[in-house]
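As a plain string of letters, each chain reads:
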Amino acid sequence: MITTPSFIDLHTHTRYPDLNNFQYQEIENSAKFGGYSDLLAMANSEVAIDNLDNLSTAKEIDDKLNLRIHRVASLSKSLNGEELVDFNKFVSVGIRIFSDDGKSLTNDDLAEQAFKTIAQLESGIFQHCELNCHSNPGDVAPPNFNSELIEIYEEEELSILERDLKLVKKYNTRYHAQHISTKKSVEIISKAKKIGLPVTAEVSPHHLLLSNETIEFFDGTYKMYPPIRNESDRIALVQGLKDGVIDVIATDHAPHEKSSKDTSIQKATFGIVGVETLLAISLELYHNKTLKLTELLAKLTCNPAKIINIPRGEIKKNAVADLTVIDLNKEWLINKDKFHSKSHNTPFHGRKVKGCAVKTFIAGKLVYDKE
């Protein structure tokens, strides 16, 4: 058993506020089971966080949870990439992170305006890099063994990332690259960091542990954006994590209804749940001696805390007692039917893993106890 600071996720889709009364307690239950105390909530809920009224609605629900939810505002109204939100209003109430995650801000003129304004406001952009998100997003990465599926090429990610980093260099905008998936993205971000640009990056565990050589093309749980790519990309992402080019492992937790994922990749919605399984999946990198335990845990604790500028992620005198106790050697099978969420959309169902959270404390209060 070891004790670590509780985890901080920089990429959670809470799904609320919405119009269908999503059971928000599921987020809390899943997070505590996974060892999390803090989640950064994306703006692309059904009621998008594109104005202060919607932000207030979201926060009213956030406050009901025994969990810290940190809010992101969208870059564009309704996340449609056509009109920017009022950044000043959000900053006036303490929101300093903006993202259209689920979509990219693809319009170059709007992107330039956003990067310039957000830099002036000393705030940051978290970008989902997908060129054709508003038109034809595709299904899977090449090589594609099913002629009915539309391929998602790496240029989808690279074109937005390269444009953005030019704007970062021009305006010195704080920038975070979300869920990168390609070898070339690692190389581009590495170059940006070497010249001192204010850039950080995250990767999700499914891109670290899976390649499209293992995809079951008739299983909708393998459909996600960005797609699972080839083995050389996977290896490069792992190396980027080890080298510090990638700062954080983030879940991209995206609950979906069973019917939207229990189908073929062609018909399925994008997304995977992750807060219950990220620790166990990521610990494979420790057990196979790819990463030291301290290196791995930094990607879940102090690194994300620094990126969103919160006083968390460390065990030290007078710090808030957010703690997770981990059994590193507990072997178990990921069973989607035993999830704390009604959403089961994971390709890791049935995978044998080693390690789990056994206790989670938030502000000194025991909120989860496996025993």
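From a predicted model like this one, the values you see are computed outputs, not experimental measurements. (Residues numbered from 1 in each chain as written. Predicted model: local features only at pLDDT ≥ 70, side-chain atom pairs only at ≥ 80, totals over all residues. Heavy atoms only, no water.)

*Asks:* Sorry if this is basic, but what is going on with the environment of Leu19 here?
*Replies:* As for its placement among the helices and strands, Leu19 is situated in the loop between strand S2 (7-12) and helix H1 (25-34). C-alpha separation for the pair Leu19 and Lys194, spaced 175 residues apart in sequence, amounts to 45 Å. Residues in contact with Leu19, not counting those within four places in the same chain, are Glu46 and Val47. (Helix = DSSP H or I, 4+ residues; strand = E, 2+ residues; numbered from the N terminus. Contact = heavy atoms within 4.5 Å.)

*Asks:* Is there a simple way to explain the nonpolar core in this structure?
*Replies:* Across soluble globular proteins, nonpolar side chains show a tendency to be buried alongside one another. Core analysis: the largest hydrophobic core is formed by 92 residues, its most contacted members being Phe87, Phe98, Tyr175 and Leu208. The dominant element in this core, judged by the number of residues it contributes, is helix H5 (residues 155-171), at six residues. Not counting residues within four places of it along the chain, the set of residues in contact with Leu208 comprises Val203, Arg234, Leu237, Val238, Leu241, Ile249 and Leu285. Ile8, Leu40, Ala250 and Ile308 belong to the second-largest nonpolar core, a separate cluster that totals 13 residues. (Core = buried A, V, L, I, M, F, W, Y, C linked by side-chain atoms within 4.5 Å. Buried < 20%, exposed > 50% of the residue type's maximum accessible area, 1.4 Å probe, protein only.)

*Asks:* Would you explain the pattern of salt bridges in this entry?
*Replies:* Oppositely charged side chains can form a pair if their charged atoms are brought close together. Counted by the stated rule, this structure contains 17 salt bridges. Of the charged contacts in the structure, one is a salt bridge between Glu28 and Lys32, with a shortest N-O distance of 2.9 Å. Here Glu28 pairs with Lys32, and both are found in helix H1, just four residues apart, close to one helical turn. The residue Arg163 makes a salt bridge to Asp164 at a minimum N-O spacing of 2.7 Å. (Salt bridge = Lys/Arg side-chain N within 4 Å of Asp/Glu carboxyl O.)

*Asks:* Would you mind going over the pairing of strand S4 (residues 68-71) with me for this structure?
*Replies:* Where strand S3 (residues 36-41) lies against S4, four bridges are found, and the strand directions are parallel. Among the inter-strand pairings, Ala41 is bridged to a residue of S4, identified as Arg71. One crossover worth recording links S3 to the parallel S4 by way of helix H2 (residues 52-62), and it is right-handed. (Pairing = 2+ DSSP bridges. Right-handed = clockwise from strand over helix to strand, strands pointing away.)

*Asks:* Is there a simple way to think about the sheet that holds S4 in this case?
*Replies:* Consider a sheet: its strands pair through backbone hydrogen bonds, and that pairing is either parallel or antiparallel. In space, the three strands of this open sheet follow the order S2-S3-S4, with parallel pairing throughout. The open sheet is flanked by S2 and S4, the only strands paired with a single partner. Recorded for the sheet is a direction-independent mean angle of 20° between the axes of neighbouring strands. The pairing of S2 with S3 spans four bridges and is parallel. The partner of Phe7 across the bridge, within S3, is Tyr36. Relative to the sheet, H1 contacts S2 and S3, its axis offset from that of S3 by approximately 130°. (Axes fitted to C-alpha atoms, helices over the stretch in contact; angles between N-to-C directions.)

*Asks:* What exactly am I supposed to notice about the side chain of Thr346 here?
*Replies:* In this structure, Thr346 sits in the loop between strand S10 (323-333) and strand S11 (352-362). A polar contact of 3.0 Å, which involves the side chain of Thr346, links it to the backbone nitrogen of Phe348. The contacts of Thr346, once residues within four sequence positions are left out, are Thr221, Ile272, Val273, Lys336 and Phe339. (Polar contact = N/O pair within 3.5 Å; in protein donor to acceptor, adjacent residues only side chain to side chain.)

*Asks:* What is the right way to read the sheet that holds strand S1 (residues 2-5) from this model?
*Replies:* The antiparallel open sheet is built from four strands, whose spatial order is S1-S10-S11-S12. Strands with a single pairing partner mark the edges of an open sheet, and in this sheet they are S1 and strand S12 (365-369). On average, each strand axis in the sheet is inclined to that of its neighbour by 35°, with strand direction left out of account. Here S1 runs beside S10; their pairing, made up of four bridges, is antiparallel. When the sheet's bridge partners are listed, Pro5 is paired in S10 with Leu323.

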